[in-house]
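So the chains spell out like this:
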Amino acid sequence: MLEIIFAAVAFVGSLIYFNKKSLQTSVWRAMGISILIILAAIALFVLTGSRFMSIIIVPTIICSVYVSTLYREMLTRIHERQQKLLKQREG
């Protein structure tokens, strides 16, 4: 039950944080950083012999929100650029 609460708080908190912050890194770099963070969380979980799954779940959720926010911003910029080019072509 505690893991579910931590996961929900991590999800909502990271959504709020990343939607307010302007992110300027590439999606590929964010994916690489996220993979490293998740691997570090798994290594920490294994090396400490922990039974607390939130050590893996919370960083995974935060990293997934980070990458998906970057991807959404990239798609929004592409769409805005296409709309601008379409308006220039028409008028």
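Residues numbered from 1 in each chain as written. Predicted model: local features only at pLDDT ≥ 70, side-chain atom pairs only at ≥ 80, totals over all residues. Heavy atoms only, no water.

## Comments concerning the overall build of the protein chain
So, point 1. The number of helices and strands found in the protein chain is three helices and zero strands.
So, point 2. When the elements of the protein chain are put in sequence order from the N terminus, they spell out α-α-α.
So, point 3. Taken along the three principal axes of its C-alpha coordinates, the protein chain extends 65 × 25 × 15 Å.
So, point 4. Sorting the 91 residues of the protein chain into buried and exposed places 24% on the buried side.
So, point 5. Across the protein chain, every contact between residues at least 6 apart in sequence was considered, and the portion connecting residues at least 24 apart equals 79%.
So, point 6. Entry remark: accessible area of the protein chain is about 6,900 Å², with carbon and sulfur atoms responsible for 69%.
So, point 7. Of the charged side chains in the protein chain, 10 are positive and 4 negative; the average position of the first set lies 5 Å away from that of the second. (Helix = DSSP H or I, 4+ residues; strand = E, 2+ residues; numbered from the N terminus. Buried < 20%, exposed > 50% of the residue type's maximum accessible area, 1.4 Å probe, protein only. Contact = heavy atoms within 4.5 Å. Areas by Shrake-Rupley, 256 points an atom, 1.4 Å probe, with all protein chains shown as cover. Lys, Arg positive; Asp, Glu negative; His and termini not counted. Charge placed at Lys NZ, Arg CZ, Asp CG, Glu CD.)

## Concerning the packing of helix 2 (residues 27-48) against helix 3 (residues 54-90)
So, point 1. The geometry of helix 2 relative to helix 3 is characterised by a closest axis approach of 9 Å and an angle of 175 degrees between their N-to-C directions. With respect to helix 3, the axis of helix 2 lies roughly antiparallel. Of the residues in helix 3, those touching helix 2 at Val27, Ala30, Met31, Ser34, Ile37, Ile38, Ala41, Ile42, Leu44 and Phe45 are Ile55, Ile56, Pro59, Thr60, Cys63, Tyr66, Val67, Leu70, Tyr71 and Met74.
So, point 2. Here the residues of the contact of helix 2 with helix 3 are counted per class, giving 18 nonpolar, two polar and no charged. (Axes fitted to C-alpha atoms, helices over the stretch in contact; angles between N-to-C directions. Parallel < 35°, antiparallel > 145°, perpendicular 65-115°, else oblique. Nonpolar A, V, L, I, M, F, W, Y, C, P; charged D, E, K, R; others polar.)

## Brief notes about the packing of aromatic side chains
So, point 1. Tallying each qualifying case throughout the model produces three aromatic pairs.
So, point 2. Considering the side-chain rings of Phe6 and Phe52, the 5.9 Å spacing of their centres and the 80 degrees angle between planes classify their relative orientation as edge-to-face. Taken together, the residues span a long stretch of sequence, with Phe6 in helix 1 (residues 2-20) and Phe52 in the loop between helix 2 and helix 3 at a distance of 46 residues.
So, point 3. The class for Phe6 is partly exposed, based on a relative accessible area of 34%.
So, point 4. Relative accessible area serves as the criterion here: at 34%, Phe52 is assigned to the partly exposed category.
So, point 5. With 5.2 Å between their ring centres and 70 degrees between their planes, Tyr17 and Phe18 make a pair best called edge-to-face.
So, point 6. By relative accessible area, Tyr17 is classed as partly exposed at 47%.
So, point 7. Residue classification places Phe18 among the buried residues on the basis of a relative accessible area of 9%.
So, point 8. Three or more aromatic residues joined by ring pairs form one cluster here, namely Tyr17, Phe18 and Tyr66. (Phe/Tyr/Trp six-rings, centres within 6.5 Å; stacked < 30°, edge-to-face > 60°.)

## A few points about the side chain of Ser54
So, point 1. Position of Ser54 among the secondary structure elements: in helix 3.
So, point 2. By relative accessible area, which is 5% here, Ser54 ends up buried.
So, point 3. In this structure, Ser54 is in contact with Glu3, Phe6 and Pro59, ignoring residues within four places of it in sequence.

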